[in-house]
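Listed below, chain by chain, are the residues.
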Amino acid sequence: MSDKTTRQAQILEERYGMGHEPKDIIWNDQIEHMMSHRSVRRYLPDALPDGALETMVAAAQSASTSSNLHMWSVIAVTDPEMKSELYRTSGHGNPFIEVAPVFLLWVADQSRNNRISKANGGSAIVHDHLDAFVMATIDAALAAQNAALAAESLGLGTVYIGGMRNKSKEVADLLGLPDYAYVTFGMVVGYPAPEAQGRLRPRPSQDVVLHQNRYEADRASRIAAYEEPFKHFREDLCMKEKTFVGAVSSSANDLLSMDGRENLRSTVEGRGFKLR
Ligand SMILES: Cc1cc2nc3c(=O)[nH]c(=O)nc-3n(C[C@H](O)[C@H](O)[C@H](O)COP(=O)(O)O)c2cc1C
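First, a word on scope: everything that follows refers to the structure included in this document. (Residues numbered from 1 in each chain as written. Predicted model: local features only at pLDDT ≥ 70, side-chain atom pairs only at ≥ 80, totals over all residues. Heavy atoms only, no water.)

## Looking at a nonpolar patch on the surface
On the surface, a nonpolar cluster with roughly 300 Å² of combined accessible area is contributed by Leu130, Val134, Ile138 and Leu142. Residue position: Leu130 is located in helix α7 (residues 130–153). Leu130 gets classed as partly exposed once you look at its relative accessible area, which sits at 42%. (Patch = residues over 30% accessible without salt bridge, like charges linked within 9 Å, V, L, I, M, F, W, Y side chains within 5 Å. Areas by Shrake-Rupley, 256 points an atom, 1.4 Å probe, with all protein chains shown as cover. Salt bridge = Lys/Arg side-chain N within 4 Å of Asp/Glu carboxyl O. Helix = DSSP H or I, 4+ residues; strand = E, 2+ residues; numbered from the N terminus. Buried < 20%, exposed > 50% of the residue type's maximum accessible area, 1.4 Å probe, protein only.)

So this is what it looks like as structure tokens:
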């Protein structure tokens, strides 16, 4: 086996657990790069290389965008005080926000198009509908993921921060967001600290997520096989003992796990979105 083939076999084994790897993966450098993703939670404070931010934004802007309407913005926060304020709003589970040099806030942003439409004499009635909110959220997520892949290809690490919706109104105020815009999530970017290396986080086998032609409702039973790689990963990282079913259940059943995100609807409505 060549080094490359060995590495690819290792990626698949880490990603799915031994015996659960999909067959017939067509490998190339891009696929290998995407499948090597892992969230990084330990960073060096070193600045990003020149051009890294611009490269990430170019990758983000190259993502598909609904009807070519570009319904997103990104705010690059480098000011330590601002990072600390944002970290504070996210609870205290993500201290690396303060360590890494850049914290990106991905904004689902209808404000630009709302202004353009109204300045052009329109009512922008479409922006009062739920779909306008969904479109902007999708656009922001697609752009962000392209940026994350670009950063990783440059040897940088990233981690999304959903906790930016915990105190969504406060975050919007801190950043001076206009109406028709809200922060979907943050993204920490920086050089991974040497101790941040580790295995890839496993995923459920493909038959859990891949359906052919029609949705097959009994997929939940196939989740059982995921418990083993899920457990091994947590053991390797000395994480608290937990099953996947337990993790899903507490995330669904315990409102406390929302950490303020249960108020998102009122924040979003307060920001002008009417969600009709
Ligand atoms: C929208 C979104 C929000 C996330 N929020 C957080 C977060 O607040 N803190 C964190 O440590 N990881 C966060 N993550 C990272 C996930 O926990 C991570 O992607 C998942 O556990 C899979 O691990 P991997 O990315 O290393 O493969 C978030 C991921 C996404 C997509």
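Following the structure, the description resumes.
## A look at the pairing of strand β2 (residues 102–109)
For β2, a buried count of eight out of eight residues is recorded, marking the element as mostly surrounded by other parts of the structure. Judged by which residues are buried, β2 turns out to be covered on both faces: Val102, Leu104, Trp106 and Ala108 on one side and Phe103, Leu105, Val107 and Asp109 on the other are all buried. Looking at chain direction, strand β1 (residues 72–77) and β2 are connected through six bridges and run antiparallel. Among the inter-strand pairings, Ser73 is bridged to a residue of β2, identified as Val107. Relative to strand β4 (residues 181–190), β2 is paired through eight bridges, and the arrangement is antiparallel. Across the sheet, Phe103 pairs through a bridge with Val188, a residue of β4. (Pairing = 2+ DSSP bridges.)

## Re the site of the ligand
With respect to spatial proximity, 13 residues lie near the ligand, and among them His37, Ser39, Arg41, Gly162 and Arg203 are the closest. Within the contact set of the ligand, an oxygen atom lies 2.6 Å away from a side-chain nitrogen or oxygen of Arg41. Take Gly162: an N or O atom from its main chain is 2.8 Å from a nitrogen atom of the ligand. Protein chains bury 67% of the 620 Å² of accessible surface belonging to the ligand in isolation. With respect to the pocket detection grid, the ligand is positioned in the largest pocket. For the shell around the ligand, the element with the highest residue contribution is strand β3 (residues 157–161), accounting for three residues. Considering only residue class, the shell around the ligand consists of four nonpolar, five polar and four charged. (Near = heavy atom within 4 Å. Polar contact = N/O pair within 3.5 Å; in protein donor to acceptor, adjacent residues only side chain to side chain. 1 Å grid on protein atoms, 1.4 Å probe; cavity = no way out; pocket = protein on both sides within 12 Å on 5 of 7 lines; lining within 4 Å. Sits in = over half its atoms within 2 Å of the grid points. Nonpolar A, V, L, I, M, F, W, Y, C, P; charged D, E, K, R; others polar.)

## Considerations on a positive patch on the surface
Taken together, the side chains of Arg41, Arg201, Arg203, Lys240 and Lys242 make up a positively charged region of the molecular surface. Topologically, Arg201 is positioned in the loop between β4 and α9 (206–209). (Lys, Arg positive; Asp, Glu negative; His and termini not counted. Charge placed at Lys NZ, Arg CZ, Asp CG, Glu CD.)

## Focus on the side chain of Thr158
Within the secondary structure layout, Thr158 lies in strand β3. A relative accessible area of 1% places Thr158 in the buried class. Excluding anything up to four places from it in sequence, Thr158 contacts Arg38, Ser39, Val40, Tyr43, Ala148, Ala151, Glu152, Met187, Val188 and Val189. (Contact = heavy atoms within 4.5 Å.)

## A closer look at the packing of aromatic side chains
The full count for this structure, using the stated rule, is 10 aromatic pairs. Arranged with centres 5.7 Å apart and planes meeting at 65°, the rings of Tyr226 and Phe230 form a pair that is edge-to-face. An aromatic cluster is built from Phe133, Tyr180, Tyr182 and Phe273, whose rings are joined through pairwise contacts. (Phe/Tyr/Trp six-rings, centres within 6.5 Å; stacked < 30°, edge-to-face > 60°.)

## Regarding the environment of Asn263
The residue Asn263 is located in the loop between α11 (244–253) and α12 (264–270) in this model. According to the relative accessible area criterion, Asn263 is partly exposed, its value standing at 43%. With 216 residues separating them in the primary sequence, Asn263 and Ala47 have C-alpha atoms 35 Å apart.

## Section: the nonpolar core
Of all hydrophobic cores here, the largest spans 22 residues; its most connected members are Phe103 and Val188. Mapped by element, the contributors of at least two residues to this core are α4 (80–89), α5 (96–99), β2, β3, α8 (168–175) and β4. What Phe103 contacts, discounting residues up to four positions off in sequence, is Ile75, Ala76, Val77, Lys83, Leu86, Ile97, Ile161, Met164, Gly186, Met187 and Val188. (Core = buried A, V, L, I, M, F, W, Y, C linked by side-chain atoms within 4.5 Å.)

## Describing the pattern of salt bridges
Per the stated rule, a full pass over the model turns up 12 salt bridges. For Asp109, the salt bridge is made with Arg112, and the minimal N-O distance between the two is 3.8 Å. The partly exposed category is assigned to Arg112, whose relative accessible area is 29%. Residue Glu235 pairs with Lys231 through a salt bridge whose shortest N-O separation is 3.8 Å. With a gap of four residues between them, Glu235 and Lys231 both fall in helix α10 (residues 227–236), about one helical turn apart. Relative accessible area serves as the criterion here: at 46%, Glu235 is assigned to the partly exposed category. Look at the salt bridges and you will find they share partners, linking Lys4, Asp29 and Glu32 into a network.

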